[in-house]
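# Results of the structural survey
One-letter residues, chain by chain:
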Amino acid sequence: MSEVTGRCLCGHVTWRYDGAVGPASYCHCEDCRRCTGSAFNVGVRLRRADLRITSGVPKGFTKRADSGRELTRHFCPECGSPIFTSAPKHPDHVFVKAGTFDDPALVRPDRQSWVASAVVWHRIAPDLPSSAKGADA
Ligand SMILES: [Zn+2]
Ligand SMILES: [Zn+2]
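Residues numbered from 1 in each chain as written. Chains lettered and ligands numbered in written order. Predicted model: local features only at pLDDT ≥ 70, side-chain atom pairs only at ≥ 80, totals over all residues. Heavy atoms only, no water.

## Description of the pairing of strand β8 (residues 82-86)
Counting buried positions along β8 yields 4 of 5 residues, so the element is predominantly enclosed. With 4 bridges connecting them, strand β7 (residues 70-75) and β8 associate as antiparallel partners. The residue of β8 that forms the bridge with His74 is Phe84. The hairpin formed by β7 and β8 contains 6 residues between the paired strands, and Gly80 there has a positive phi angle of roughly 85°. By the bridge criterion, 2 bridges tie β8 to strand β9 (residues 93-97) in an arrangement that is antiparallel. (Buried < 20%, exposed > 50% of the residue type's maximum accessible area, 1.4 Å probe, protein only. Helix = DSSP H or I, 4+ residues; strand = E, 2+ residues; numbered from the N terminus. Pairing = 2+ DSSP bridges.)

Here it is in structure tokens:
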């Protein structure tokens, strides 16, 4: 099994994973919108036992989600980047933020949830003027 790694924006929190990468899912719920500061969350299911935090100690924030279940969101205490989510309902798994992966090509979304809460601006229109890099590129 190849080793998978990831980190937060500032590099204080790093992680390593030695298992098979599970499927990813988009979540459009309001809590995910607020905690990511964006239109939706992309979470990748990893086995909790095979995930190691290799540096830093993520801070946790626990809240009852729209589903009615408790969820703890773990983030970097230095830069605030969301790292992963855990929940008592899924004791064997954590849901790692897709954007923390060092190799984003490993992320394979196969479902989306809470589409009833999705914002109208989450779809990127194909005819929107686009630039390959920066705004002036
Ligand atoms: Zn950080
Ligand atoms: Zn959500």
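## Things to note about the coordination of the zinc ion (ligand 1)
Note on metal geometry: ideal angles are 109.5 degrees for four donors arranged tetrahedrally and 90 or 180 degrees for six donors arranged octahedrally. With distances of 2.3 to 2.4 Å, the protein atoms coordinating the zinc ion (ligand 1) are Cys8 (SG), Cys10 (SG), Cys76 (SG) and Cys79 (SG). Because the angles between the 4 donor atoms bound to the zinc ion (ligand 1) fall within 107 to 113°, the donor set is best described as tetrahedral. For the zinc ion (ligand 1), the single-chain donor residues occur in sequence as C-x1-C-x65-C-x2-C. Remark: Cys76 occurs in the loop between β7 and β8 and Cys10 occurs in the loop between β1 (4-7) and β2 (14-17); sequence separation between them is 66 residues. (Donors = N, O, S within 2.8 Å, 3.2 Å for Na, K, Ca; no water. Tetrahedral: all angles 85-135°; square planar, octahedral: opposite > 155°, others 65-115°.)

## Looking at the coordination of the zinc ion (ligand 2)
Within the protein, Cys27 (SG), Cys29 (SG) and Cys32 (SG) serve as the donor atoms for the zinc ion (ligand 2), at 2.2 to 2.3 Å. Between consecutive donor residues of the zinc ion (ligand 2), the sequence gaps follow C-x1-C-x2-C. Note on accessibility: Cys29 and Cys32 belong to one class, buried.

## Side note on the sheet that holds strand β4 (residues 41-47)
Spatially, 7 strands are ordered β6-β7-β8-β9-β4-β3-β10 in an open sheet, and the strand pairing comes out mixed. Strands with a single pairing partner mark the edges of an open sheet, and in this sheet they are β6 (59-64) and β10 (109-113). Between one strand axis and the next, the sheet turns by 30° as a mean value, whatever way the strands run. (Axes fitted to C-alpha atoms, helices over the stretch in contact; angles between N-to-C directions.)

## A word on the sheet that holds β1
Strands sit in the order β1-β2-β5 across an open sheet of 3 strands; the sheet is antiparallel. For this open sheet the edge positions go to β1 and β5 (51-55), each flanked by a neighbour on one side alone. Averaged over all pairs of adjacent strands, the angle between their axes in this sheet comes to 25°, without regard to strand direction.

## Remarks on the side chain of His122
Assignment of secondary structure puts His122 in the segment after β10. A polar contact is formed between the side chain of His122 and the backbone oxygen of Val119, at a distance of 2.7 Å. In this view, His122 contacts His28, Ala39 and Phe40; residues no more than four positions away in its chain are not counted. (Polar contact = N/O pair within 3.5 Å; in protein donor to acceptor, adjacent residues only side chain to side chain. Contact = heavy atoms within 4.5 Å.)

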